[in-house]
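Report on the structure
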Amino acid sequence: MLKSLYSGVSGLQSHQVAMDVESNNIANVNTIGFKYSRANFSDLLAQTKAIATAPQGQLGGKNPVQVGLGSTVSSTTRIFSQGSIQNSDKNTDVAIQGDGFFIISPDGGNTYKYTRAGDFKFDASGNFVDNNGYIVQGWPRDPETGKVDSTAPIENINIPPGLTTPASPTQEVVLKANLNSGALVESFSPAYSVASTPPPSDGVISPAPSAVDANGNPVTSGDLGVMFNETGEAFSLQAGQGVWASFIDSSSTASNQVTDSTGTVQELDITLKLDDGTTKQITSTGGGANDSADVNAARYVSAINAQTAITGITASYDSTTKKITMINSNSSATASHNVIIDSVGANDNSGFADTDDVTTAYRYQYDPTGASYTAGLDKTFTTMADLREAMELQARNVGDGDGDGTADENNISIIINDQGKFEITNPGGSDDGDYDISLNITALTTDPGGAAVTENTRFTRNMEALNSVLPAGTTGKAFSQGFEAATHSSSIDIFDSLGSKHTLRMEFRKVSVNTATGSTWDMVISVPNPATIDTLAPTNEKTGSVRFNNDGSLATYNPPNISFSGNNGSAPNQQVSLSFGTPNKFDGMTSFDSRSSTSGISQDGFTGGDLVGVRIDQSGTLIGSFSNGRSFGLAQIGMAKFTNNEGLSADGGNVYDQTANSGDPIIGTAATAGRGFIQSSALEASNVDLSRALTELIIIQRGYQANGKTITTSDQLLQTLIGLKQ
């Protein structure tokens, strides 16, 4: 009878413990990071009145007879299910999504405690602490390497108030860009300026000047084969293409007079040589035996002029001198140039001899391998400077003011101006070499050997704009259309050791194309004065080049780095690496048939700055934002994972202690090795479910009431038993 009383008492005690556990759960329904517990009931040792027996013969076996002695709470289990994540407005609030605990220390890192409550803040000393004042453990930034080493032992996270970051000089500039390789470009600049060669002085010829950039620095003149017109269309000059150019009409007057016919018919019979190497025979007919010289000449002139469309020559007759003059203005693109007499018939009466040739028009042909030009001969050119010098040389070897049959010095000037245009002036002022320029430039369709040459229409149109008449002493000028080079530029601010900014500008200009190996672009790197990047003047500029393969990938570039000196008190000879990509790859600079553009440019330097804010990313890294616009990791929060989370011992204040049954902490970074990731500006709510907790209260209450009923019932039975004695 007493057993039932004690069983009821044990039931009351067990349910009281369960009530205490559940009340604690409900009390912590709004506690950040709280994990609810569950009371685990077990029965007490049972009294055995009879043991179990095995079957014997015809008698079956018997089960044991046992009477239980009540119940007890054998353990409580903490349920570490995920609590809901609640966003907050504090950037140092953090929540764990997944398994793991924050590590905190109450004694500066000598001992550790663990928590899921991420309501952290900075104290007056810059310690990263929880609401108990315990310091969060992790890995601070190494001031030497500037990196967070998460393989090192954990320590207190401390970010000193008023933290500043010193200036960091730029060590690398990374550029990703495409330089247009196509025949139509949108980004271009005028050809470099080239001055006129000083006129000869006492027979001494001065060297031709080099091209200069916008700052007056000598540079290599552009290869005309890769240049463009003013609308960005490529000339795409091929070897042998070019133009005819003549500074004065080809005029030849017959050496002898036209004579009268004295009983015998006198006719014209001359053969002219054409541009393609063929000849054209011109004869006259219909003369009389007694025609005068004037009548004969009229017939000859008519016959010559009938072939002007082929020969380009027009003839006229001077009745005073009795001589015929043939003139080729060299202005027709379809007719031949110059006056070249191949032969004169035996009975010709025109007065011309086969020595009466006059050549003033010459071929100017593109040759990518090199230039060659001599006055009085056809010429080849490669660059703008070559063509300018070749034309000026010829222009200065035409005039014969004293009539001695040889060209005399003059002051004709041909330059390439700052708009990339050929500019011709005829100021006069020489002793006896002045003449009136009658410039005619036409398409070139045959080479000196007579082979056909495909006309380069765009190049011809650019040069034809020069066609004009410039009398000696005039102030007028003749201009070609503009010649442009494909260009692109990129710039970025770099920093010296003091944190001062200097603009580094990189200008690229297309200079050559090789069908086998690809294209080459010149590069000019510049910084503002007084900074320097070169030992040779101009010291604030450095030239180089970038070469591409014929698939558009980067082949090579030079220089790979520059030595920068700010000359403002900062450290001199600052080495800045230029990273334009990997050779034969497409990870940096490229040259495709698409618009020139910079897709990315960066550098690793920065000026000094003050800490203005801290945020936390998913890996638990505390990222500092500084007034100089830079952001980098200042520390990283450590996380611990246990083999048995339920074995941890609660220590109040939302913290847990390690126990013998929890296992040792496995420390590492968030989102690795099974540890959860960290969500910033958020807190993990309690995982107490009120609906479950209140249901448990009802169950516990009913259980408690039922055990109480057991006691009262046993008491009544005892009363009955005592009543038997009466």
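Structure first, text after, so check above.
Below you will find a few notes about this structure.

Analysis parameters
- Residues numbered from 1 in each chain as written.
- Predicted model: local features only at pLDDT ≥ 70, side-chain atom pairs only at ≥ 80, totals over all residues.
- Heavy atoms only, no water.
- Helix = DSSP H or I, 4+ residues; strand = E, 2+ residues; numbered from the N terminus.
- Buried < 20%, exposed > 50% of the residue type's maximum accessible area, 1.4 Å probe, protein only.
- Lys, Arg positive; Asp, Glu negative; His and termini not counted.
- Salt bridge = Lys/Arg side-chain N within 4 Å of Asp/Glu carboxyl O.
- Contact = heavy atoms within 4.5 Å.
- Phe/Tyr/Trp six-rings, centres within 6.5 Å; stacked < 30°, edge-to-face > 60°.
- Lys NZ or Arg CZ within 6 Å of the ring centre and 35° of its normal.
- Pairing = 2+ DSSP bridges.
- Axes fitted to C-alpha atoms, helices over the stretch in contact; angles between N-to-C directions.
- Parallel < 35°, antiparallel > 145°, perpendicular 65-115°, else oblique.
- Left-handed = near helix turned anticlockwise from the far one by under 90°.
- Nonpolar A, V, L, I, M, F, W, Y, C, P; charged D, E, K, R; others polar.
- Expected span 1.5 Å × (residues − 1).

**Digging into the side chain of Arg-675**
Within the secondary structure layout, Arg-675 lies in the loop between strand S48 (666-668) and strand S49 (677-680). For Arg-675, which is buried and forms no salt bridge, the nearest opposite charge comes from Asp-99, at a distance of 8.7 Å. Setting aside chain neighbours within four positions, we find Arg-675 in contact with Asp-99, Met-639, Lys-641, Ile-666, Ile-667, Gly-668 and Thr-669.

**A look at the pattern of salt bridges**
Counted according to the given criterion, the structure contains 22 salt bridges. Across the salt bridge formed by Arg-116 and Glu-684, the nearest N and O atoms sit 3.0 Å from each other. Remark: Glu-684 occurs in strand S50 (residues 682-684) and Arg-116 occurs in the loop between strand S8 (113-115) and strand S9 (121-122); sequence separation between them is 568 residues. Linked through salt bridges whose partners overlap, the residues forming this network are Lys-35, Arg-116 and Glu-684.

**Some thoughts on the packing of aromatic side chains**
Each pair of aromatic rings is reported with the distance of its centres and the angle of its planes. Evaluation of the coordinates by the stated rule reveals 18 aromatic pairs. The interplanar angle of 90 degrees and the centroid separation of 5.5 Å between the aromatic rings of Phe-422 and Phe-483 together place this pair among those described as edge-to-face. With a gap of 61 residues between them, Phe-422 in strand S30 (residues 422-425) and Phe-483 in the loop between strand S33 (477-479) and strand S34 (484-495) connect regions that are remote in the sequence. Each member of the pair Phe-422 and Phe-483 is classed as buried. Three or more aromatic residues joined by ring pairs make a cluster, and in this case those are Phe-235, Tyr-366, Phe-381, Phe-422, Phe-459 and Phe-483. For the cation-ring pair, Lys-379 lies above Tyr-362, with the distance from its terminal atom to the ring centre recorded as 4.4 Å. The residue whose ring lies beneath Arg-509 is Tyr-192, and the NZ or CZ to ring-centre distance is 3.9 Å.

**Considerations on the sheet that holds strand S14 (residues 172-178)**
On the basis of which strands lie adjacent, the open sheet formed by four strands has the order S39-S40-S14-S41 and mixed pairing. Two strands bound the open sheet, and with one partner strand each, they are strand S39 (561-564) and strand S41 (597-603). The mean angle between the axes of side-by-side strands here comes to 20 degrees, regardless of whether they run parallel or antiparallel. Where S14 and strand S40 (residues 574-579) come together, three bridges link them in parallel fashion. The residue of S40 that forms the bridge with Val-173 is Leu-578.

**Some thoughts on the packing of helix H1 (residues 2-27) against helix H6 (residues 690-723)**
Remark: H1 packs on H6, axes separated minimally by 9 Å, with the N-to-C direction vectors making an angle of 160 degrees. Between H1 and H6, the angle falls in the class roughly antiparallel. The handedness of the crossing between H1 and H6 is left-handed. Here the residues of the contact of H1 with H6 sort into 14 nonpolar, twelve polar and four charged.

**Regarding H1**
In a regular helix each residue adds 1.5 Å, so 26 residues correspond to 38 Å; H1 covers 37 Å between its end C-alpha atoms and thus fits that length. By the burial criterion, the buried members of H1 are Leu-5, Ser-7, Gly-8, Ser-10, Gly-11, Leu-12, Ser-14, His-15, Ala-18, Val-21, Glu-22 and Asn-25. Elements in contact with the buried residues of H1: strand S1 (37-43), strand S4 (71-78) and H6.

Any functional reading would require information beyond the geometric quantities listed.
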